[in-house]
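# Observations on the model geometry
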Amino acid sequence: MGKNARVIALAALMSLGLASGARAQDREASPQSPSHDARGVLRLGKLYTFGGGTDLNHGFGMDLRYELYPDGREDGYVGLFSSGQYELADAWRFAGGVTGGWGFFGLEVGVSHRTETASYAGSTGLHIGQSFTFGPLSIGGRLTLPLYDSVQQNTASVPLVQGIEGAITVRLSWGFTLHGPPGAQHGCGAHAQRGPGHN
């Protein structure tokens, strides 16, 4: 019985050794899953628009965005945006809100305010926009639904209101990685890797 016990114990040890070796080979054969750290990008751009409500005007300004890519390798993102521009009708327009997108398609929703002019009342509205991004260039449109027009009734002439406003938008922007792994800029070249710290 003692000899049989030793044979059984030796066979069990050999079986455990073979099983451990097989598991180690499986680990070596299957590559480790890459880390998917979130990536934050600060994007600064120049903004041009053309449009309005009852009066159409050109606008020139700046656009600032923070985009968070939950999976550092993908180009789906959520974030925040803000913009300020001067319109040739002698009005300033400011907007800010949330943004998100996937690939070259982006959406944004927020609140905007346009200052009053000699002819038109100031207005605060709901800002809705969409864009198509190709590298640093974004082309799109925006719609502004008026929420409040600051019309003063105790004036000699009541100022006009723009009503619902629509505009085409062109944005040229550059992005810089704030945190997370460096990656590619969203758009048609989204899978072409950039250098560290730039998008």
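Criteria and cut-off values
Residues numbered from 1 in each chain as written. Predicted model: local features only at pLDDT ≥ 70, side-chain atom pairs only at ≥ 80, totals over all residues. Heavy atoms only, no water. Helix = DSSP H or I, 4+ residues; strand = E, 2+ residues; numbered from the N terminus. Polar contact = N/O pair within 3.5 Å; in protein donor to acceptor, adjacent residues only side chain to side chain. pLDDT = per-residue confidence, 0-100. Contact = heavy atoms within 4.5 Å. Pairing = 2+ DSSP bridges. Axes fitted to C-alpha atoms, helices over the stretch in contact; angles between N-to-C directions. Salt bridge = Lys/Arg side-chain N within 4 Å of Asp/Glu carboxyl O. Buried < 20%, exposed > 50% of the residue type's maximum accessible area, 1.4 Å probe, protein only. Phe/Tyr/Trp six-rings, centres within 6.5 Å; stacked < 30°, edge-to-face > 60°. Lys NZ or Arg CZ within 6 Å of the ring centre and 35° of its normal.

### Structural notes on the side chain of Gln162
- Along the chain, the position of Gln162 falls in the loop between β7 (137-150) and β8 (165-179).
- Looking at Gln162, its side chain comes within polar contact range of the main-chain nitrogen of Gly53, at 3.0 Å.
- Within the structure, the side chain of Gln162 is placed 3.2 Å from the backbone nitrogen of Asp55, a separation counted as a polar contact.

### Notes on the confidence of the model for the protein chain
- The predicted model of the protein chain has a mean per-residue pLDDT of 81, with 70% of residues at 70 or higher.
- Residue range residues 7-20 is modelled with pLDDT below 50. Its contacts to residues more than four positions away, or to other chains, number 0 contacts.
- The low-confidence segment residues 22-34 (pLDDT under 50) makes 1 contact with residues lying over four places distant or belonging to another chain.

### Thoughts on the sheet that holds strand β4 (residues 91-102)
- Overall, antiparallel pairing links the 8 strands, which are arranged β1-β2-β3-β4-β5-β6-β7-β8 in a closed barrel. Taken over all neighbouring pairs, the strand axes of this sheet differ in orientation by 25° on average, direction set aside.
- Direction of pairing for β7 relative to β8: antiparallel, over a ladder of 8 bridges. Looking at β8, one finds that Arg142 is bridged to Ala167.

### Brief notes about the pattern of salt bridges
- Per the counting criterion, the structure on display carries 6 salt bridges.
- A salt bridge links Arg43 to Glu67, with the nearest nitrogen and oxygen atoms 3.1 Å apart. Here Arg43 is found in strand β1 (residues 39-52), whereas its partner Glu67 is found in strand β2 (residues 56-69), with 24 residues between them in sequence.
- Across the pair Glu108 and Arg65 runs a salt bridge, and its minimum N-O distance is 2.6 Å. Here Arg65 lies in strand β2 and Glu108 lies in strand β5 (residues 105-114), a separation of 43 residues in the sequence. In terms of burial, Glu108 and Arg65 fall into one category: buried.
- Shared partners join several salt bridges into a network, and the residues in it are Asp63, Arg65, Glu108 and Arg171.

### Some details on the environment of Phe132
- Topologically, Phe132 is positioned in strand β6 (residues 122-134).
- The spacing of Phe132 and Gly101 is 31 residues in sequence and 9.7 Å in space, taken between C-alpha atoms.
- Ignoring sequence-local partners within four residues, the contact set of Phe132 consists of Phe104, Phe105, Leu137, Ser138 and Ile139.

### Observations regarding the packing of aromatic side chains
- Applying the stated criterion to the full structure yields 7 aromatic pairs.
- In textbook terms, an aromatic cluster arises when at least three aromatic residues are bridged by ring pairs, as seen for Phe104, Phe105, Phe132 and Phe134.
- In this arrangement the basic side chain of Arg39 is found over the ring face of Tyr69, its NZ or CZ atom lying 4.5 Å from the centre.

### Side note on the pairing of β2
- As paired elements, β1 and β2 share 14 bridges and run antiparallel to each other. Directly across from Arg43, in β2, lies its bridge partner Arg65.
- Between the end of β1 and the start of β2, which pair antiparallel, lie 3 residues.
- When β2 meets strand β3 (residues 76-87), the two strands line up antiparallel, connected through 10 bridges. By the bridge assignment, Arg65 is partnered in β3 with Phe81.

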